[in-house]
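# Geometric and topological summary
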Amino acid sequence: MTATTETSAAAVGQSPAAADRPAEAGAEADAVDPALRRTARALHAPVVDWFAAHARDLPWRRPEAGAWGVMVSEFMLQQTPVNRVLPVYEEWMERWPRPADLAAEAPGEAVRAWGRLGYPRRALRLHGAAKAIAERHGGEVPGEHAQLLALPGVGEYTAAAVVSFAYGRRHAVLDTNVRRVFARAVTGQQYPPNATTAAERRLARALLPEDDGTASRWAAATMELGALVCTARSPQCGRCPIAAQCAWQLAGAPEHQGPARRTQSYAGTDRQVRGRLLAVLRASKEPVPQSDLDQVWHEPVQRARALDGLVADGLVEPLDGGRFRLPLT
DNA sequence: AACACGTGGAT
DNA sequence: TATCCAAGTGT
């Protein structure tokens, strides 16, 4: 049997109760269309077996990484490629091997160690999550999705990833890779919708293998398949373990219909100015005079707005005498 | 729902 | 060179 567009459409249009269910109910069993059930079972073995043979040996996948290692990696991997994360992850885990170690540091040290990974608010949030874990969870990364979701910087995806990868429990994990794999293999679309939909969450739950161990491997395997084979730009279907069952392939690989993803500009934005300001502050262990920061951008209004934003975000601490530094508290 | 939020490699 | 894209979250 094959995964067809009709199959998924049937599965997706289920009871209204399922649609009302909160997103964190990632492992709860809905009534699933029997055809989709069969589709799921036909996909599990080839994808999980492919993963066993082709998975990358990434440090956060080793047992010694622990739940903290998984959490650190997930923060760093939010919108940042694996290759850029690897060296920073290794340094981070050596310096702060447990949440309490990071919690004892100044937040600015987390921002400094974050280096050029981008989106430095993630470093601040990871520091905040470490403090919460040290204070509220006895220093252990919590294993419940709801508890994880309450931590700063942990959203639906990251909470699911920790539950599944760190604790080996059955939970739907929907990241951009998984969404693309499901869109193609099951729904027959080249790309998933721009924002995650209730239908996608329902589908991810319906496709989840029954037992914890297989479900956990399936989550990692579908992500890896999306990252290595079923890529956004030029999928390598010749290397795909489920190409013969792929709804998108069977439909003749039609071009994407919906609206194109809004491409975000960067040059000339506040984001670029913030990046330059923070680069100066990361490089200095001493407070930096305003005059040094003024060098990074010619336009004074935008420059001031960017600096104010960094202060408001807690990424920069203003001092007396017009000097600035990464936050000590 | 749409937008802000960094950075750099690939095409 | 310009655009796309990368294991998202918060507002």
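Residues numbered from 1 in each chain as written. Chains lettered and ligands numbered in written order. Predicted model: local features only at pLDDT ≥ 70, side-chain atom pairs only at ≥ 80, totals over all residues. Heavy atoms only, no water.

For clarity, the cut-off: UniProt positions are given in the numbering used here, feature names are shortened, and annotations may be inferred rather than shown by experiment.
In the nomenclature of an unreviewed UniProt entry, chain A is known as Adenine DNA glycosylase of Streptomyces cacaoi. Its UniProt record gives chain A a comment under Sequence similarities (unreviewed entry), which states: "Belongs to the Nth/MutY family."

### Regarding the protein's contact with DNA strand C
Stated precisely, the cut-off is as follows: Each residue is tested against the molecule or strand, and it is near if at least one of its non-hydrogen atoms lies within 4 Å. Pairs of N or O atoms within 3.5 Å make up the polar contacts considered here, provided that, within protein, one atom can donate a hydrogen while the other can accept it, and that residues adjacent in sequence are counted only when both atoms are side-chain atoms.
Surrounding DNA strand C, one finds 28 residues, the nearest of these being Gly-153, Thr-158, Asp-175, Asn-177 and Thr-263. For DNA strand C, the backbone makes up 67% of the atoms found within 4 Å of the protein, where backbone means sugar plus phosphate. Contact between DNA strand C and Gly-155: a phosphate oxygen at 2.8 Å from a main-chain N or O atom of the residue. Tyr-157 has a polar backbone atom sitting 3.4 Å from a phosphate oxygen of DNA strand C.

### Describing the pattern of salt bridges
Rules: One side-chain nitrogen of Lys or Arg within 4 Å of one carboxyl oxygen of Asp or Glu is enough to make a salt bridge. Per the convention used, a helix needs a DSSP run of H or I reaching at least four residues, while a strand needs a run of E reaching at least two, with both numbered from the N terminus.
Summed over the entire model, instances satisfying the criterion amount to 16 salt bridges. We note a salt bridge from Glu-109 to Arg-95, for which the minimum N-O separation is 2.9 Å. With Glu-109 in helix 7 (residues 107–114) and Arg-95 in helix 5 (residues 82–95), the pair connects residues that are 14 residues apart, well separated along the chain. Between Arg-325 and Glu-317 there is a salt bridge; the shortest N-O distance is 2.8 Å. Linked by salt bridges that have partners in common, Arg-95, Glu-105, Glu-109, Arg-112 and Lys-285 make up one network.

### Considering the packing of aromatic side chains
Note the threshold: Two rings belonging to Phe, Tyr or Trp (six-membered ring only in the last case) form a pair when the distance between their centres is within 6.5 Å. Interplanar angles under 30 degrees mark stacking, angles over 60 mark edge-to-face geometry, and anything in between is tilted. Remark: a charge is flagged as sitting over a ring if the NZ atom of Lys or the CZ atom of Arg is within 6 Å of the ring centre and within 35 degrees of the ring normal.
If you walk through the whole model with that rule in mind, you get 4 aromatic pairs. Aromatic pair Trp-92 and Trp-96: ring centres 4.6 Å apart, planes at 75°, arrangement edge-to-face. Between the aromatic rings of Trp-92 and Trp-114, the centroid separation amounts to 5.7 Å while the plane-to-plane angle is 80°, which identifies the pairing as edge-to-face. Of this pair, Trp-92 sits in helix 5 while Trp-114 sits in helix 7; the two residues are 22 residues apart in sequence, bridging distant segments of the chain. Arg-184 extends its terminal NZ or CZ atom over the ring of Trp-248, reaching a point 5.0 Å from the ring centre.

### Some remarks on helix 17 (residues 300–312)
Definition in use: Each helix should span, by expectation, one fewer than its residue count multiplied by 1.5 Å. Here, residues are in contact when the closest pair of their heavy atoms is within 4.5 Å.
The end-to-end C-alpha separation of helix 17 is 18 Å, in line with the 18 Å expected for 13 residues at 1.5 Å each. Residues of helix 17 that are buried in the fold lie against helix 15 (270–283), helix 16 (290–293) and strand 3 (323–325). The N-cap of helix 17, judged by a side-chain oxygen 3.3 Å from the amide nitrogen of Val-301 a few residues on, is Glu-299. Taken from the residues just after helix 17, Gly-314 is the one with a positive phi, measuring 80°.

### Points about the packing of helix 7 against helix 8 (residues 121–136)
Selection rule: Only the stretch in contact is used when a helix axis is fitted, and all axes are lines through C-alpha atoms; the angle between N-to-C directions ranges over 0 to 180 degrees. Oblique is the label for any angle not covered by the other classes, which are roughly parallel (under 35 degrees), roughly antiparallel (over 145) and roughly perpendicular (65 to 115). Left-handed describes a crossing whose near helix is turned anticlockwise from the far helix through less than a right angle; right-handed describes the clockwise counterpart. Throughout, the ten residues Ala, Val, Leu, Ile, Met, Phe, Trp, Tyr, Cys and Pro are labelled nonpolar, Asp, Glu, Lys and Arg are labelled charged, and all others, Gly among them, are labelled polar.
The geometry of helix 7 relative to helix 8 is characterised by a closest axis approach of 8 Å and an angle of 135° between their N-to-C directions. Compared by their axis directions, helix 7 and helix 8 come out oblique. Considering only the axes of helix 7 and helix 8, their crossing is right-handed. Along its contact with helix 7, which presents Pro-107, Ala-110, Val-111 and Trp-114, the element helix 8 presents Arg-122, Ala-123, Leu-124, Leu-126 and His-127. Considered class by class, the residues forming the contact of helix 7 with helix 8 number 7 nonpolar, 1 polar and 1 charged.

### Here we look at the environment of Ala-232
Put simply, the rule reads: The buried label goes to any residue with under 20% of its type's maximum accessible area, the exposed label to any with over 50%, and the partly exposed label to all in between, with areas taken from a 1.4 Å probe on protein chains only.
Examined against the element boundaries, Ala-232 turns out to sit in the loop between helix 13 (212–228) and helix 14 (247–250). Overall, Ala-232 belongs to the partly exposed group, its relative accessible area being 33%. With 78 residues separating them in the primary sequence, Ala-232 and Val-154 have C-alpha atoms 25 Å apart. Apart from the residues within four sequence positions on either side, Ala-232 is in contact with Arg-180, Arg-184 and Tyr-191.

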